[in-house]
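The residues making up each chain are set out below.
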Amino acid sequence: MDTRLASTSDAAALCRVLREIIEHTGRERPSDEAFVIRQYLANPASIRCTVAIDTAGEVVGFQSLLRAEGGNRYDVPAGWGIIGTHISPRAHRQGVGSALFRSSREAAEQAGLETIDACIAADNASGLRYYEAMGFRTYREPVGIVQKAYVVR
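Residues numbered from 1 in each chain as written. Predicted model: local features only at pLDDT ≥ 70, side-chain atom pairs only at ≥ 80, totals over all residues. Heavy atoms only, no water.

K.L.:
It is not clear to me how the overall build of the chain should be interpreted in this structure. Could you clarify?
P.N.:
In terms of regular secondary structure, the chain is built from four helices and seven strands. Written out in order from the N terminus, the α and β elements of the chain read β-α-α-β-β-β-α-β-α-β-β. Taken over C-alpha atoms, the radius of gyration comes to 14 Å for the chain, in line with the 15 Å a tight globule of 153 residues would show. For the chain, the spread of C-alpha atoms along the principal axes amounts to about 40 × 30 × 30 Å. For the chain, the residues scored as buried account for 46% of the 153 residues in total. (Helix = DSSP H or I, 4+ residues; strand = E, 2+ residues; numbered from the N terminus. Rg over C-alpha atoms; globule rule 2.2 N^0.38 Å. Buried < 20%, exposed > 50% of the residue type's maximum accessible area, 1.4 Å probe, protein only.)

K.L.:
So what exactly am I meant to see when it comes to the packing of helix H1 (residues 11–25) against helix H2 (residues 33–41) here?
P.N.:
In a pair of packed helices, the angle between the axes and the distance between the axes together describe the arrangement. Their axes nearest at 9 Å, the elements H1 and H2 cross at an angle of 100°. Between H1 and H2, the angle falls in the class roughly perpendicular. Note on element contacts: H2 touches H1 through Glu33, Val36, Ile37, Tyr40 and Leu41, opposite Ala11, Ala12, Leu14, Cys15 and Leu18. (Axes fitted to C-alpha atoms, helices over the stretch in contact; angles between N-to-C directions. Parallel < 35°, antiparallel > 145°, perpendicular 65-115°, else oblique. Contact = heavy atoms within 4.5 Å.)

K.L.:
So what exactly am I meant to see when it comes to the environment of Ala13 here?
P.N.:
Position of Ala13 relative to the elements: it lies in helix H1. Owing to a relative accessible area of 17%, Ala13 belongs among the buried residues under this scheme. Counting along the chain gives 101 residues from Ala13 to Glu114, while the straight-line C-alpha distance between them is 31 Å.

K.L.:
Sorry, what's going on with the pattern of salt bridges here?
P.N.:
Two side chains bearing opposite charge may form a pair once their charged atoms approach each other closely. Using the criterion set out here, one finds ten salt bridges in the structure. One salt bridge in this structure joins Asp10 and Arg4, with 2.8 Å as the shortest N-O distance. Residue Asp10 is classed as buried on the basis of its relative accessible area of 5%. Under the relative-accessibility criterion, Arg4 is labelled partly exposed at 38%. Across the salt bridge formed by Arg16 and Glu20, the nearest N and O atoms sit 3.5 Å from each other. In this pair, Arg16 and Glu20 are both assigned in helix H1, four residues apart and thus about one turn of the helix distant. Taking the relative accessible area as the measure of exposure, Arg16 reaches 26% and is therefore partly exposed. Residues joined by salt bridges that share partners form a network here, namely Arg16, Glu20, Glu58 and Arg90. (Salt bridge = Lys/Arg side-chain N within 4 Å of Asp/Glu carboxyl O.)

K.L.:
What exactly am I supposed to notice about the sheet that holds strand S3 (residues 59–67) here?
P.N.:
The strands making up a sheet are joined through hydrogen bonds of the backbone, oriented either antiparallel or parallel. Judged by pairing direction, the sheet is mixed, and its seven strands sit side by side in the order S1-S2-S3-S4-S5-S7-S6 without closing on themselves. For this open sheet the edge positions go to strand S1 (2–5) and strand S6 (137–140), each flanked by a neighbour on one side alone. Shown here is a sheet whose adjacent strand axes are inclined to one another by a mean of 30°, direction ignored. Of the strand pairs in this sheet, strand S2 (residues 46–53) and S3 are connected by seven bridges, and their pairing is antiparallel. The residue of S3 that forms the bridge with Ser46 is Leu66. (Pairing = 2+ DSSP bridges.)

K.L.:
Help me understand the pairing of strand S5 (residues 115–121) in this model?
P.N.:
A regular strand carries its side chains on alternate faces of the sheet. A large share of S5 lies buried, amounting to five of its seven residues. Bridge count for strand S4 (residues 81–87) against S5 is three bridges, and the pairing is parallel. Counted as the bridge partner of Ile82 is Asp117 from S5. With helix H3 (residues 96–111) bridging S4 and its parallel neighbour S5, the resulting β-α-β unit is right-handed. (Right-handed = clockwise from strand over helix to strand, strands pointing away.)

Here it is, written out as structure tokens:
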């Protein structure tokens, strides 16, 4: 599985991945190009956004790492990282998540982050398992959400 830094030219591919996830899970979320660019590709708080590429050269997943600012919507302490992982259902269990997290962990170390937060829907069993497998541990459980933290250093 290859990974590389995402660019604005990847916006349509990231939208496609989000729409595949929506179709598979039934969980609605923004998935239009303007949102993808604003949230993942041109976010001033971005540390790194990485895409995973399959053997056919197609984007099958992406992971975003942001630096938390005060008053963020996840109530994550300022200065922590906030991670988001989005993998096409057709690419599950192929090492995509591990490959993406290697890139994000490296970026977190380079950025001097001490902790990364992952905010997962409580009913997202595969997401919860993924973050546990990457070394994240639950530190807070607001209604309907599980927040896991990864200690970088």
